[in-house]
Amino acid sequence: MTVVRVVGPPLAGVDGVVTALRAALPAHVVVTRDGATAPDAVVTVVSAVAPLTRSDWEPLRRAAEDGGRVVGVVSKIDAHRGWREVLAADRLRVGGWSPRHRTIPWVGVAAAPDLGEPHLGDLVELLTDPRPVEPPRADAVEVRTALARTRLQLLRVVRDRCSTLRVVLREDAAAVPSGGVARFESDARGSVDAVLADLDAEITRAIAVAATDLGVDVPADAVAPDRQDPPAPPRTTSRRLEGRLMAVLGAGFGLGVALAIGRVLTGLAGGPPALGIGAGVAVGLALVAWMVRTRRLLHDRAVLDGWVVEAVAALRWHAESVVAERLLAAEVEWMRRRRAGP
């Protein structure tokens, strides 16, 4: 005699499923508690109100380990139109929490409907068929649900990587030394390439995980689109008019400093005026050169900072496009295989 144990969290509809199974399978013994012998099948009942939680699954997992065949049941489908999405989410969650139960069949039932007769779907056939249960093929809802979850995870990765890269590059741009613009641009492009390579590997890994959860093969043709280079670096040299203006202002400031230093040296040292004037001119020229060079460096840093913001924005847009295209290619391939059949 076949023993079927029905388990489930409170308010999941266990009593209704037990009553319906006893009426549909009079030759089976349907119980809700542990008996002297291990059950031949374990029916885990969850509600269609919301996806299963980890705390609710753990008791079901322990009960499922005591029996042979395990069948997942989503109850109360007559009262909840979104039960298919809940079933798909439950299948994915259980597969992630317990790889051993990744391929168990899931069915929707209405064991105690408000109107009409009980509807047990394929549950009776699964419990009476002695043949091994084949892993069900993922339907369209499951595929889209899994890929939507994967898309959210990958977009979060893109956002975090781009935010981190923008902070790092802006800090580096603020510390670029004189003559280090070309090196900074090269390093920035290398950082962008590294982020794109890491993202491509992350997308491949996420698609493989989704394929494992759905029980399908990883699409071989889900390749990344052509890589988009960052925007061209701007001209970081100061404009000619701005340079002339800075030279004039620096010359005026340097002349004033030169005269002041010349008078101080002549008055304190008592040396010839020519010596004081020469020293003042030398200091003034040095100050002029320093001011012009510093102004050009600050200008270059400001331009590089703006370029970093633009480059990271372009990187984020391109990365999000890569995520969308890769996942769309995976969805198209999986749906094509599903229509083609096993």
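Along each chain, numbering runs from 1 in the same order as the chain's sequence is written. Per-residue local features of the predicted model are confined to residues with pLDDT of at least 70, and side-chain atom pairs are confined, for both listing and counting, to 80 or more; whole-chain, interface and lining totals are unaffected and use all residues. Side-chain numbers come from the whole structure's heavy atoms, not from hydrogens or water.

Novice: For the overall build of the protein, give the residues involved together with the corresponding values.
Specialist: Summing up its helical and strand segments, the protein has eight helices and five strands in all. Starting at the N terminus and walking to the C terminus, you meet the elements of the protein as β-α-β-β-α-β-α-β-α-α-α-α-α. Remark: exposure states derive from per-residue accessible area (1.4 Å probe, protein chains only) relative to the maximum for the residue type, with buried under 20%, exposed over 50%, and partly exposed in between. Within the protein, the proportion of its 342 residues that are buried is 39%. Only heavy atoms matter for contacts: two residues are in contact if any of them lie within 4.5 Å across the pair. For the protein, contacts bridging at least 24 residues in sequence account for 84% of all contacts bridging at least 6. Computed with a 1.4 Å probe, the accessible areas rest on the Shrake-Rupley method; for each residue, only the protein chains presented here act as cover. Here the protein has roughly 19200 Å² of accessible surface; of this, 58% comes from carbon and sulfur atoms. What counts as a helix is a DSSP run of H or I of at least four residues, what counts as a strand is a run of E of at least two, and both are numbered from the N terminus.

Novice: Break down helix 1 (residues 14–24) for me, citing the residues and quoting the values.
Specialist: Taken together, the buried positions of helix 1 are V14, V17, V18, A20 and L21. Among the structural elements, strand 1 (3–7), strand 2 (29–31), strand 3 (41–47) and helix 4 (123–128) are those in contact with the buried residues of helix 1.

Novice: Give a detailed account of the sheet that holds strand 5 (residues 106–108), specifying residues and quantitative values.
Specialist: Pairing between two strands requires that DSSP report at least two bridges joining them. Here five strands make up an open sheet; going across it, the order is 2-1-3-4-5 and the pairing parallel. The outermost strands of the open sheet, each flanked by one partner alone, are strand 2 and strand 5. Neighbouring strand axes in the sheet, compared pairwise and without regard to direction, differ in orientation by 25 degrees on average. Relative to strand 2, strand 1 runs parallel, the two sharing three bridges. Across the sheet, the residue bridging to V3 is V29, located in strand 2. Along the sheet, helix 1 contacts strand 1, strand 2 and strand 3; its crossing angle with strand 1, the most-contacted strand, is approximately 160 degrees. Comment: axis = line fitted to C-alpha atoms, over the contacting stretch for helices; angle = value between 0 and 180 degrees taken between N-to-C directions.

Novice: Any details on unusual backbone geometry? Residues and values, ideally.
Specialist: Positive phi, normally seen in glycine, also occurs at L11, with a value near 65 degrees. With respect to the helices and strands, the residue L11 is situated in the loop between strand 1 and helix 1. With a relative accessible area of 76%, L11 lands in the exposed category. At K76, a residue that is not glycine, the phi angle is positive and equals roughly 60 degrees. For K76, the position within the fold is in the loop between strand 4 (69–75) and helix 3 (83–97). When its relative accessible area of 31% is taken as the criterion, K76 is described as partly exposed.

Novice: Tell me about the packing of helix 3 against helix 5 (residues 140–174), and name the residues and values.
Specialist: Their axes nearest at 9 Å, the elements helix 3 and helix 5 cross at an angle of 60 degrees. By the angle between their axes, helix 3 is oblique relative to helix 5. Between helix 3 and helix 5 lies a crossing of right-handed hand. Between helix 3 and helix 5, the contacting residues are R84, E85, A88, A89, R91 and L92 on the first element and V141, E142, T145, A146 and R149 on the second. An angle below 35 degrees is treated as roughly parallel, one above 145 as roughly antiparallel, one from 65 to 115 as roughly perpendicular, and anything else as oblique. Crossing handedness follows the turn of the near helix against the far one: under a right angle anticlockwise gives a left-handed crossing, and clockwise gives a right-handed one.

Novice: A description of the pairing of strand 3 should follow, citing residues and the corresponding values.
Specialist: The buried count for strand 3 comes to seven of seven residues, which makes it a mostly enclosed element. Of the two faces of strand 3, the one carrying A41, V43, V45 and S47 and the one carrying V42, T44 and V46 are both buried. Here strand 3 pairs with strand 4 via seven bridges, running parallel. Bridging across to strand 4, V42 finds its partner in V70.

Novice: Requested: an account of the pairing of strand 1, with residues and values cited.
Specialist: Burial of strand 1 is extensive: five of the five residues sit out of reach of the surface. Following the chain from strand 1 across helix 1 to the adjacent parallel strand 2, one finds a crossover that is right-handed. If the strands point away from the viewer and the path from the first strand over the helix to the second runs clockwise, then the crossover is right-handed.

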